[in-house]
Amino acid sequence: MKVDRLVSIIMILLDKKRIGAKELADMFEVSPRTIYRDIDSINMAGIPIRATSGVGGGFEIMPQYKVDNKVFSTSDLSTILMGLSSLPNMVQGNELVNALAKVKSFIPSEQSKDIELKANQIYIDLTPWMDNRNIQPYLEMIKSAMQENKLISFQYADRHGDKTVRSVEPYQLVLKDNHWYIQGYCRIRKDFRLFKLGRMSSLHICEEGFQPREYDRPMLKYGDIQESMQIKVKIRIHKSIMERVLDYCPYEDLVADGEEHYVVSFPFVETDYYYNILLGLGEKCECLEPERVRSEVKRRIGEMWRMYEG
């Protein structure tokens, strides 16, 4: 995990005067390119590291810069611990335990209680109430494949349920909206793809390795496309589902309609995903306008009725 590796690199540079990129890469079983990116991240965090070339060259913390237990403020340490403490809910492994132990080693004994109190003020749990039982073992397998630069193979179901067998070079695990994805280079499609773990089955790590390619982070926002397609639909809801509606609308947008109901302008895109959100609110929600959306909701309810009628 990157956080663990960054902290470890800082600790190594504190212990050693100079160390080469190749030695660090071998130590952490990553590419030299990854080490160079890590060094850039450490520099951006305010710890100046310089690189010297030639025989005996490598990375070192600049001599005039002193790093000690006071390099992190109480606020810095609280924030780091808060983030690391939330990760075990999503990603398990000894590396997190090691990272937490290393960060805690920076904490002066007289500040430990104060920092622990601040770190516990916010608890982040991004795991869903109910989850696909394959997700956690798949995460561990993919992490292992990424660390070893091994291909993974799996069956993948598209949004219509059609399955294909994929052979993929795994590069990055992504958590988005409580769903895990893997970004990788698909050997079948000859391009980078983002695969949802919930649609994967029969995952296994292949014996064949791969040479890592340059890649960009996946685009995870609708951006201008979503904004240009988004409309507002007026819905009338029962107060019992107000909490669910507030996931999409601010409280200030709710207008009381009697003692039991509210009317609200609901952000909406005319796709199956958003229609399913409205239908998921059940009989506690009525779409009032626009008429075309109301008519489409009625049509979909009719289809459901006919399915159960027989």
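These figures come from a predicted structure and were not determined experimentally.

Quick notes on the rules
Residues numbered from 1 in each chain as written. Predicted model: local features only at pLDDT ≥ 70, side-chain atom pairs only at ≥ 80, totals over all residues. Heavy atoms only, no water. Axes fitted to C-alpha atoms, helices over the stretch in contact; angles between N-to-C directions. Helix = DSSP H or I, 4+ residues; strand = E, 2+ residues; numbered from the N terminus. Parallel < 35°, antiparallel > 145°, perpendicular 65-115°, else oblique. Contact = heavy atoms within 4.5 Å. Core = buried A, V, L, I, M, F, W, Y, C linked by side-chain atoms within 4.5 Å. Buried < 20%, exposed > 50% of the residue type's maximum accessible area, 1.4 Å probe, protein only. Pairing = 2+ DSSP bridges.

(A) Geometry of the packing of helix 10 (residues 272–280) against helix 11 (residues 291–309). Running from N to C, helix 10 and helix 11 point in directions that differ by 75 degrees, and their axes come no closer than 11 Å. Taken as axis vectors, helix 10 and helix 11 run roughly perpendicular relative to one another. Every residue of helix 11 that contacts helix 10 at Asp272, Tyr275, Leu278 and Leu279 is listed here: Arg292, Val293, Glu296, Val297, Arg300 and Ile301.

(B) Structural view of the nonpolar core. Counting residues in each nonpolar core, the largest one holds 21 residues, and the members touching the most others are Ile235, Val245, Phe266, Phe268 and Leu278. For this core, the elements supplying multiple residues, two or more each, are strand 8 (231–238), strand 10 (261–268), helix 10, strand 11 (285–289) and helix 11. Beyond its immediate stretch of four places on either side in the chain, isoleucine 235 contacts Tyr262, Val263, Val264, Phe266, Leu278, Cys285, Glu286, Cys287 and Leu288. Counting residues in hydrophobic clusters, the runner-up holds 17 residues, among them Leu139, Ile152, Trp180 and Ile182.

(C) Spotlight on the sheet that holds strand 5 (residues 179–186). Spatial strand order, 6-5-4-3-7: five strands in an open sheet with antiparallel pairing. Where the open sheet ends on each side, the last strands, each with one partner, are strand 6 (191–196) and strand 7 (200–209). If you compare each strand with its neighbour and ignore which way they point, the axes differ by 45 degrees on average. Strand direction decides the pairing type here: strand 3 (residues 150–157) and strand 4 (residues 163–176), joined by six bridges, are antiparallel. Paired with phenylalanine 154 across the two strands is arginine 166, which belongs to strand 4. The sheet strands contacting helix 7 (residues 135–148) are strand 3, strand 4, strand 5 and strand 7, and the helix crosses strand 7 at an angle near 15 degrees.

(D) Region of the structure containing unusual backbone geometry. Omega for the bond connecting glutamate 289 with proline 290 falls within 30 degrees of zero, at 5 degrees, which places this linkage in the cis form. Unusually for a residue other than glycine, glutamate 29 sits at a positive phi of about 55 degrees. With respect to the helices and strands, the residue glutamate 29 is situated in the loop between helix 2 (21–28) and helix 3 (32–44). Given the relative accessible area of 56%, glutamate 29 is considered exposed. One non-glycine residue, asparagine 149, lies in the positive phi region at around 55 degrees. Its location among the elements puts asparagine 149 in the loop between helix 7 and strand 3.

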